[in-house]
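Secondary and tertiary structure notes
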Amino acid sequence: QVQLVESGGGLVQAGGSLRLSCTASGSTFSSYAMGWFRQAPGKEREFVAAIGGSGRVTNYGDSVKGRFTISRDNAKNTVWLQMNSLKPEDTADYSCAADPMYQAVATPPYKCSYWGQGTQVTVSS
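Residues numbered from 1 in each chain as written. Predicted model: local features only at pLDDT ≥ 70, side-chain atom pairs only at ≥ 80, totals over all residues. Heavy atoms only, no water.

Some words on the nonpolar core
The condition is simple: Here the nonpolar core consists of buried residues drawn from Ala, Val, Leu, Ile, Met, Phe, Trp, Tyr and Cys, with membership extended through side-chain atoms lying within 4.5 Å. Each residue is assigned to one of three classes by its accessible area relative to the maximum for its type, calculated with a 1.4 Å probe on protein chains only: buried under 20%, partly exposed between the two thresholds, exposed over 50%. Only runs of H or I of at least four residues qualify as helices and only runs of E of at least two qualify as strands under DSSP, and these elements are numbered from the N terminus.
Counting residues in hydrophobic clusters, the biggest one holds 29 residues, and the most contacted among them are Leu 4, Met 34, Trp 36, Leu 81, Met 83 and Tyr 94. At the level of elements, β3 (18-25), β4 (33-39), β5 (46-51), β7 (68-73), β8 (78-83), β9 (92-99) and β11 (119-124) are the ones that each hand at least two residues to this core. Of all hydrophobic cores here, the second largest spans nine residues; its members include Phe 47, Ala 50, Ala 97 and Tyr 110.

Structure follows, in structure tokens:
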């Protein structure tokens, strides 16, 4: 069993930056691929980024490439999402997810085994 807790969301102006954190407990963190997803009101959940257990492999959604960076520190059981050049359309509830299989967090239908509760990011214009 893995418990995931996100933090770092908030209100930021367009062009600004935020760093989200997701801390895991309950199992061997390095055994899990991690992903970030977001969902805006009235929209379907969208893939944002994924990272493999060792941190060497990453993938990004097209809408965030070049602006967001996913990273992890297995010693701290934490994965981060650094978000730069934020836009109003980045406004959403951001959740992290974990799965032993990289494909689960990086490819549709994103059937991840564990999900966090989410943290709200609001970008004002």
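Re unusual backbone geometry
Where the residue is not glycine, phi is negative for most of them; where a peptide bond is considered, it is trans in most cases. In this structure, Pro 109 follows Pro 108 across a cis peptide bond, with omega equal to 5°. Here Pro 109 is to be found in the loop between α1 (102-106) and β10 (114-115). The backbone phi angle of Ser 85 is positive, close to 50°, even though this residue is not glycine. Inspection of the secondary structure assignment puts Ser 85 in the loop between β8 and β9. For Ser 85, a relative accessible area of 40% corresponds to the partly exposed category. Backbone geometry places Tyr 110, a non-glycine residue, at a positive phi of 55°.

What to know about the packing of aromatic side chains
Our working rule: Note on aromatic pairs: the rings of Phe, Tyr and Trp (six-membered ring only in Trp) are paired at centre separations within 6.5 Å, and the planes decide the class, stacked below 30 degrees, edge-to-face beyond 60, tilted for the rest. Comment: the charge-over-ring label is applied if NZ (Lys) or CZ (Arg) is within 6 Å of the ring centre and within 35 degrees of the ring normal.
Applying the stated rule across the entire model yields five aromatic pairs. Aromatic pair Tyr 32 and Tyr 114: ring centres 6.1 Å apart, planes at 75°, arrangement edge-to-face. A residue pair is termed long-range when its members are at least 10 positions apart, and Tyr 32 in the loop between β3 and β4 and Tyr 114 in strand β10 qualify at 82 residues. For Tyr 32, a relative accessible area of 11% gives the class buried. Geometrically, the ring pair formed by Phe 37 and Phe 47 is edge-to-face, given 5.8 Å between the ring centres and 65° between the ring planes. With Phe 37 in strand β4 and Phe 47 in strand β5, the pair connects residues that are ten residues apart, well separated along the chain. No difference in accessibility class separates Phe 37 from Phe 47, as the two residues are buried. Pairwise contacts between aromatic rings join Phe 37, Phe 47, Tyr 110 and Trp 115 into one cluster. Cation over ring: Arg 72 sits above Phe 29, and NZ or CZ is 4.4 Å from the ring centre.

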